[in-house]
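# Survey of secondary and tertiary structure
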Amino acid sequence: MEVSFAMTGKGYVLLAADTTAVHSIIKVKTDVDKIKELSPHLLMAYSGEPGAVVSRDTVQFAEYVERNIRLYQIRHTYPLRPPSAASWIRRSLAESLRSRNPYSVNLLLGGYDTSTYTPHLYWMDYLGTLVEVPFAAHGYGSYFALSLLDRYHDPEATVEEGLAVLRRCLDEVSKRLVVSPGKYKVKIVDKDGIREVEL
Amino acid sequence: MARRYDSRTTIFSPEGRLYQIEYAMEAISHAGSVLGVLSKDGIVLAAEKKVTGKLLDLSGSNQGGYGGSGEKIFMLNSNVVAGVAGITADANSLVNYARQAAQRHLFTYNEDIPVEVLAQRLCDLKQGYTQYGGLRPFGVSLLYAGYDPHYNFQLYHSDPSGNYSGWKATCVGANSGTAQSLLKQEYKDDITMDGAIDLVLRVMSKTMDSTTLGSEKLEFATLTLDPETKQPKARIYRPAEIDALLQKQGLGKKEEDTEMKS
């Protein structure tokens, strides 16, 4: 099952998502990038509903968001700030929900606001729920990750400390989840932009 | 000769001109002037009212809300104030459109519409009227004074063609040429808010039709940042406040009411 985690730290947001694409009992691909880079300082990890068959939805929506955020940036010479991008994405999900067939996708949006110098993390689901949070997770893995993050998360942590907490979460998921993902992709966004991190 | 190409807005003349747009700008050059000056910590807008008279009922603007709707200066959103010059009815229509555009942006993005984005929306609308539909263009020029976190204080001017540009200080309407040259001489990049208010009032007194400045003929607004909340504060002055300001600057009327000639 698709799982993703995220947490804020001192001047950064850390996002991690599994890299498996599954069809019934087969792992079709094990190096999928499920964290889209919407703009120089905005990351979005997407995942499907637990047990959902329609995994096409997730990519469709994620790419729709990516291209529209990019269009805004090109049209208006500056990128959308994380709170505004979150509102736009949430609005799209809310409208999708009230259409003939809604997108079934959950998101974690992490960004660095370059005008206020603050990191932001948002948890969004397919119903159009939007909350700003210090840490978050989606999927079955969230049952383990959230309690660990409750205990160990520090909003002023350095990148290394944040990665250590992330490792705890990933280890717990591997240990306890029946169908746990093997590999994860980890990305970080801060004042200098986006970069991938090796765990 | 030009007559043949006048009646349809959406066609070019043989010399490559769009006459309807030029005529629209001509209409604006007879309208009451609007002046805007950008300073380090805010923007000042002033406008000359043409619709005046003893019988005019101004009780609405004297006591009403935030002075959101005058004759010349309007609040488009909490972070943008606009001054209009030209055909009043056209201006009202555009102001209404701008207000809706600002709210649509707020609805989708949960943020105050950036000033340039708002100017672009209006300009896209105005440009449409020069290319499709066979309808005449809007006979309005607007000055947009606004604040957003991206580019701080900004002043834009848009005209009937749907073109816009950013300014440090500019003027539209009657006598705008005179005002513009005065501004060019006097404006300094590091001008303060008080300096801008002073400059605006001085230039208005030189270019306005009437002999002295007063709240019957002048509309005045400022856009600043609240020092504590750091949020933009749009202030459209009430007539009493304008008179008080003029007194403070030493530009107010000394005697009693002077009757307006119609």
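Residue positions within a chain follow its written sequence, with the count starting from 1. Following the order in which they are written, the chains are lettered starting with A and the ligands numbered starting with 1. Totals for whole chains, interfaces and linings use all residues, but because this is a predicted model, local features are given only for residues with pLDDT of at least 70 and pairs of side-chain atoms are given and counted only at 80 or more. By convention in this description, side-chain values take in all heavy atoms of the structure and omit both hydrogens and water.

What follows covers the interface of chain B and chain A. By a widespread convention, an interface's size corresponds to the accessible area lost as its parts come together. Every residue pair with non-hydrogen atoms within 4.5 Å of one another is taken to be in contact. At the junction of the two partners, chain B supplies 13 residues and chain A supplies 14 residues. Buried surface at the junction of chain B and chain A, summed over both partners, amounts to about 1,200 Å²; 55% is from carbon and sulfur atoms. One speaks of a salt bridge when a side-chain nitrogen belonging to Lys or Arg is within 4 Å of a carboxyl oxygen belonging to Asp or Glu. For the pair chain B and chain A, the number of links is one salt bridge. Strands are runs of DSSP state E lasting at least 2 residues, helices are runs of H or I lasting at least 4, and numbering of each runs from the N terminus. Going through the elements one at a time, helix 3 (88-109) and helix 4 (115-128) of chain B are the ones with two or more residues in the side of chain B that touches chain A. Its residues placed into classes, the side of chain B that touches chain A shows six nonpolar, five polar and two charged. Put simply, buried area is how much 1.4 Å-probe accessible surface two parts lose in total, over both of them, once they are put together. Each residue is assigned to one class: nonpolar for Ala, Val, Leu, Ile, Met, Phe, Trp, Tyr, Cys and Pro, charged for Asp, Glu, Lys and Arg, and polar for all the others, Gly among them.

What follows deals with the packing of aromatic side chains. Stacked, edge-to-face and tilted labels apply to pairs of Phe, Tyr and Trp rings (six-membered ring for Trp) whose centres lie within 6.5 Å, assigned for plane angles under 30 degrees, over 60, and everything in between, in that order. In the structure shown here, the tally under the stated rule is eleven aromatic pairs over all chains. Between A:Phe61 and A:Tyr64 the ring centres are 6.2 Å apart and the planes differ by 40°, which places this aromatic pair in the tilted class. In this pair, A:Phe61 and A:Tyr64 both sit in helix 1 (residues 56-76), three residues apart, roughly one turn of the helix. When a residue's accessible area, from a 1.4 Å probe over protein chains only, is under 20% of the maximum for its type it is buried; when over 50% it is exposed; and in between it is partly exposed. Residue classification places A:Tyr64 among the partly exposed residues on the basis of a relative accessible area of 41%. A centroid spacing of 4.9 Å and a plane angle of 85° characterise the contact between B:Phe220 and B:Tyr237, whose relative ring orientation is edge-to-face. Here B:Phe220 is found in strand 9 (residues 218-225), whereas its partner B:Tyr237 is found in the loop between strand 10 (232-236) and helix 7 (239-249), with 17 residues between them in sequence. According to the relative accessible area criterion, B:Tyr237 is buried, its value standing at 12%. Chaining the aromatic ring pairs together yields one cluster made of A:Phe61, A:Tyr64, A:Trp88 and A:Tyr103. A cation sits over an aromatic face here: A:Arg168 above A:Tyr152, 3.7 Å from the ring centre. Charge over a ring is defined by NZ of Lys or CZ of Arg lying within 6 Å of the ring centre and within 35 degrees of the ring normal. Between B:Arg235 and the ring centre of B:Tyr237, over which it is positioned, the NZ or CZ distance is 4.0 Å.

Moving on to empty space enclosed by the protein. All names here are of chain B. Grid points spaced at 1 Å and placed over the protein atoms alone form the basis of the search, with a cavity being a set where a 1.4 Å probe fits but cannot get out and a pocket an open set showing protein on both sides within 12 Å along at least five of seven lines. Lining residues have an atom within 4 Å of a point. Grid points are joined across faces, edges and corners, and a volume is the space filled by probe spheres set on the points. Under the counting rule described, the total for this entry stands at one cavity of 30 Å³ or more. Estimated volume of the largest cavity: approximately 40 Å³. Taken together, Leu182, Glu186, Leu199, Arg202, Val203 and Lys206 make up the full set of residues lining the largest cavity. The set of elements that each furnish at least two residues to the lining of the largest cavity consists of helix 5 (176-186) and helix 6 (193-207). In terms of residue count, the dominant contributor to the lining of the largest cavity is helix 6 (four residues).

All names here are of chain A. Going through the model one piece at a time under the given rule, you end up with 19 salt bridges over all chains. Across the pair Lys187 and Glu37 runs a salt bridge whose closest N-O atoms are separated by 3.1 Å. Residue Lys187 is found in strand 11 (residues 184-190), and its partner Glu37 is found in strand 5 (residues 35-39); the two are separated by 150 residues along the sequence. Across the pair Arg67 and Glu66 runs a salt bridge whose closest N-O atoms are separated by 3.2 Å. It is possible to trace a salt-bridge network through shared partners that takes in Glu2, Asp18 and Lys34.

Residue and element names in this part refer to chain B. For the pair helix 6 and helix 7, the least separation of the axes is 11 Å and the interaxial angle reads 95°. Relative to helix 7, the element helix 6 lies roughly perpendicular. In this structure, helix 6 contributes Ile197, Asp198 and Leu201 to the contact, and helix 7 contributes Leu245, Leu246 and Gln249. Partitioned by chemical class, the residues of the contact of helix 6 with helix 7 number four nonpolar, one polar and one charged. Axes here refer to lines fitted to C-alpha atoms; in helices the fit is confined to the stretch in contact. Angles between the N-to-C directions go from 0 to 180 degrees. Angle categories are assigned with fixed cut-offs, so that under 35 degrees is roughly parallel, over 145 is roughly antiparallel, 65 to 115 is roughly perpendicular, and the rest are oblique.

The next thing to look at is the environment of A:Leu107. Residue and element names in this part refer to chain A. The topology assignment puts Leu107 in strand 7 (residues 105-113). Classification of Leu107 by relative accessible area gives buried; the value is 0%. Sequence spacing of Leu107 and Tyr126 is 19 residues, and the spatial spacing of their C-alpha atoms is 8.1 Å.

Residue and element names in this part refer to chain A. Being paired, for any two strands, means DSSP has found at least two bridges between them. One open sheet accounts for five strands, arranged 10-1-2-11-12; its pairing is antiparallel. Of all strands in the sheet, those with a lone pairing partner are strand 10 (135-138) and strand 12 (193-197), marking the two edges. Pairs of neighbouring strands in the sheet enclose a mean axial angle of 15°, with direction left out of account. Across four bridges, the pairing between strand 1 (residues 4-9) and strand 10 is antiparallel. Bridging across to strand 10, Ser4 finds its partner in His138. The strands touched by helix 3 (residues 142-152) within the sheet are strand 1 and strand 10, with strand 10 carrying the most contacts at an inclination of about 170°.

A separate point is the sheet that holds strand 9 of chain B. All names here are of chain B. Sheet architecture is open: five strands sit in the order 8-1-2-9-10, paired in antiparallel fashion. Edge positions in the sheet fall to strand 8 (169-172) and strand 10, since each of these pairs with one other strand and no more. Recorded for the sheet is a direction-independent mean angle of 10° between the axes of neighbouring strands. Relative to strand 8, strand 1 (residues 34-39) runs antiparallel, the two sharing four bridges. Considered in strand 8, the bridge of Val34 is made with Val172. Seen against the sheet, helix 5 touches strand 1 and strand 8 and runs at an angle of roughly 170° to strand 8. Taken strand by strand, helix 7 contacts strand 9 and strand 10, and its axis lies near 85° from that of strand 9.

The subject of this paragraph is the side chain of A:Ser84. Counting through the fold element by element, A:Ser84 comes out in helix 2 (residues 82-97). In this structure the side chain of A:Ser84 is engaged in a polar contact, spanning 2.6 Å, whose partner is the side chain of B:Glu111. Not counting residues within four places of it along the chain, the set of residues in contact with A:Ser84 comprises B:Tyr109 and B:Glu111. Nitrogen and oxygen atoms within 3.5 Å of one another constitute a polar contact, given that in protein one can donate a hydrogen and the other can accept it, and given that sequence-neighbouring residues count only through two side-chain atoms.

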